[in-house]
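# Analysis of the macromolecular model
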Amino acid sequence: VPPTDPALVVYNSIYLGGQSKPAGFSVGMSTSDFSKVDFRNNLIVNERSGGTKGNMAVYARQITSAENLNDLLNNNVYIIPDTSVFAWVGSAVSYYYGWKAWAELTKADSQSFVYPVNDMPPASLFSDLQNGDLNIRFDDPACWIVKDRAMPLPGFPQDFDDGNIRITDASAGMTDVGSDE
């Protein structure tokens, strides 16, 4: 995500599958500065295998423990191979963080959820994963993980391929995470 002020990244379904390079890694969200990214109501699914550095949800070049990012990074659902390796922070010196350590470090994601990919098969969540349709399949019981997990945002009633599908007033209740609830 480019460092704009702040880059708005909301209501997306992001899927990574396949194999990482032997000495590589994969992440669903990467930035050099989380204070410049408004990342809410997204679904990240990282189903990749391989790579010696891991397959995680998040990469950040740096984060200070004083940052309170909860207003900018929240109401997301993360599905990753290993929840004990949730994030990678650093460049020259790197640190890996599990889900709980990540939340404590960043003061973020207080209303987000993380699940192991083995417990939540991506093919059950998406309309047509093989053909790249990452709209949520609400005919499958697995969709409960995204239902009513997003905070409504004013100005986002539509998705890229559908009309007014979301509520935009927080007083009316929660909406769903990801693309096309």
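Structure first, text after, so check above.
Described below are features of the structure shown in this document.

This part takes up the sheet that holds strand β11 (residues 113-116). Pairing is parallel across the open sheet formed by four strands, whose spatial order is β2-β5-β8-β11. Of all the strands in the sheet, the pair left with one neighbour each is β2 (13-16) and β11. Within this sheet the neighbouring strands show an average axis-to-axis angle of 10 degrees, counted without direction. When strand β8 (residues 77-80) meets β11, the two strands line up parallel, connected through four bridges. By the bridge assignment for β11, Ile79 is matched with Tyr115.

Let us look at the pattern of salt bridges. A complete count under the given rule lists three salt bridges for this structure. Between Asp38 and Arg40 there is a salt bridge; the shortest N-O distance is 2.6 Å. On the basis of relative accessible area, Asp38 is assigned to the buried category, the value being 8%. Notably, a salt bridge pairs Asp139 with Arg137, separated by 3.1 Å at the nearest N-O pair.

Residues Trp99, Trp102, Leu105 and Thr106 constitute the buried set of helix α1 (residues 99-106). Down the axis of α1, the buried set is contained in an arc of 130 degrees. They therefore lie on one face. Among the exposed residues of α1, those pointing more than 90 degrees away from its buried face are Lys100 and Glu104. Of the residues one or two after α1, Lys107 is the one with positive phi, at around 55 degrees.

What follows concerns the sheet that holds strand β7 (residues 73-74). Spatial ordering of the open sheet is given by β1-β4-β7, a layout of three strands whose pairing is parallel. Strand pairing shows two members of the sheet lacking a second neighbour, β1 (7-10) and β7, which therefore form its edges. Summarising the sheet, strand β4 (residues 37-40) and β7 pair through two bridges and their orientation is parallel. Paired with Phe39 across the bridge in β7 is Leu73.

In this structure, Asn70 sits in the loop between β6 (54-60) and β7. By relative accessible area, Asn70 is classed as buried at 19%. When the C-alpha atoms of Asn70 and Asp38 are compared, they prove to be 9.7 Å apart, with 32 residues separating the residues in sequence.

Rules and cut-offs
Residues numbered from 1 in each chain as written. Predicted model: local features only at pLDDT ≥ 70, side-chain atom pairs only at ≥ 80, totals over all residues. Heavy atoms only, no water. Pairing = 2+ DSSP bridges. Helix = DSSP H or I, 4+ residues; strand = E, 2+ residues; numbered from the N terminus. Axes fitted to C-alpha atoms, helices over the stretch in contact; angles between N-to-C directions. Salt bridge = Lys/Arg side-chain N within 4 Å of Asp/Glu carboxyl O. Buried < 20%, exposed > 50% of the residue type's maximum accessible area, 1.4 Å probe, protein only. Arc of directions from axis to C-beta.

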